[in-house]
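Per-entry structural report
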Amino acid sequence: MVNGYFLWRGVRRAAPWTSASNVLQATQRRQQQQRGLQFLVLAYDHTDPGSVARRLAARGKHLERAVPATVTGRILFGGAILDDDQTGPAVMRGSVMVIEAASEAEARAFLDADPYVTGGVWDGYKLIPFRTAVMAPSSGGSVGSNKGSDGGEGVRPGPK
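Small disclaimer: the values here were computed from a predicted structure and weren't measured.

Now for the nonpolar core. Val41, Ile75, Met97, Ile99, Leu111, Trp122 and Leu127 are the most contacted members of the largest nonpolar core, which totals 18 residues. Counting only elements with at least two residues in this core, the list comes to strand 3 (37–44), helix 2 (51–72), strand 5 (90–101) and helix 3 (104–112).

This part takes up the packing of aromatic side chains. Throughout the structure, instances matching the rule amount to 1 aromatic pair. Their ring planes at 75 degrees and their centres at 5.6 Å tell us that Tyr116 and Trp122 sit as a pair that is edge-to-face. A single burial state applies to Tyr116 and to Trp122, both of which are buried. A cation over a ring is seen here: Arg65 above Phe110, with NZ or CZ 4.1 Å from the ring centre. Here Arg74 stacks its cationic end above the ring of Phe110, 5.5 Å away from the centre of that ring.

Overall, the coordinates contain 6 salt bridges when judged by the stated rule. Of the charged contacts, one joins Arg55 and Asp45 as a salt bridge, the two residues approaching to 2.6 Å between their closest N and O atoms. Remark: Asp45 occurs in the loop between strand 3 and helix 2 and Arg55 occurs in helix 2; sequence separation between them is 10 residues. Relative accessible area serves as the criterion here: at 2%, Arg55 is assigned to the buried category. In this structure, Arg65 and Asp114 form a salt bridge, with 3.5 Å as the shortest nitrogen-oxygen distance. Of this pair, Arg65 sits in helix 2 while Asp114 sits in the loop between helix 3 and helix 4 (115–118); the two residues are 49 residues apart in sequence, bridging distant segments of the chain.

Before going further, it helps to examine the confidence of the model for the protein chain. For the protein chain, the average pLDDT comes to 78, and 64% of its residues sit at 70 or higher. Below a pLDDT of 50 lies the segment residues 145–160, which in the model reaches 29 contacts outside its immediate sequence neighbourhood of four places, other chains included.

Compared with an ideal rise of 1.5 Å per residue, which puts 22 residues at 32 Å, helix 2 spans 30 Å between its outermost C-alpha atoms and is within 8% of the ideal. At Ala58, helix 2 is deflected by roughly 40 degrees, the largest bend along its length. All of the buried residues along helix 2 are Ser51, Val52, Arg55, Ala58, His62, Ala66 and Ala69. Against strand 4 (75–83), strand 5, helix 3 and helix 4 lie the buried residues of helix 2. A positive phi of about 95 degrees marks Gly73, the residue just after helix 2.

The rules behind each value
Residues numbered from 1 in each chain as written. Predicted model: local features only at pLDDT ≥ 70, side-chain atom pairs only at ≥ 80, totals over all residues. Heavy atoms only, no water. Core = buried A, V, L, I, M, F, W, Y, C linked by side-chain atoms within 4.5 Å. Buried < 20%, exposed > 50% of the residue type's maximum accessible area, 1.4 Å probe, protein only. Helix = DSSP H or I, 4+ residues; strand = E, 2+ residues; numbered from the N terminus. Phe/Tyr/Trp six-rings, centres within 6.5 Å; stacked < 30°, edge-to-face > 60°. Lys NZ or Arg CZ within 6 Å of the ring centre and 35° of its normal. Salt bridge = Lys/Arg side-chain N within 4 Å of Asp/Glu carboxyl O. pLDDT = per-residue confidence, 0-100. Contact = heavy atoms within 4.5 Å. Expected span 1.5 Å × (residues − 1). Bend = angle between axes of the 7 residues up to and from the residue.

Below, the structure is given as structure tokens:
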């Protein structure tokens, strides 16, 4: 295989896992498996001087809760909002995720119990109704990792 293509019986063909029809099929399978409604969560961190320390203190518990929720399908994906000033590694300034819940009230109850809420990291959150249109068969991402592609730290929690 070269650049997403392979030869089959002398004919150059797109690798099956890269074709639009396979992405569409994976998306349709995922939509059939959905438990309920999807919500995009947009949460910015507080900006006071203690906000970075609170994020660092709550991050372990936040990920301990998020990883199982990702495995069960409650969280479809999530990550940090970055503020990259181009002078060094990016700085985490908030979070974004897509979650599934039976109702908005259930989604809010799930988020209100998050260590980033209870620990005062997020300056509130916005819950936006969402519907997945397309989804890769596998994102290839790792749950709970912030390592860069070179194995080093990809982001830092904030200024020291």
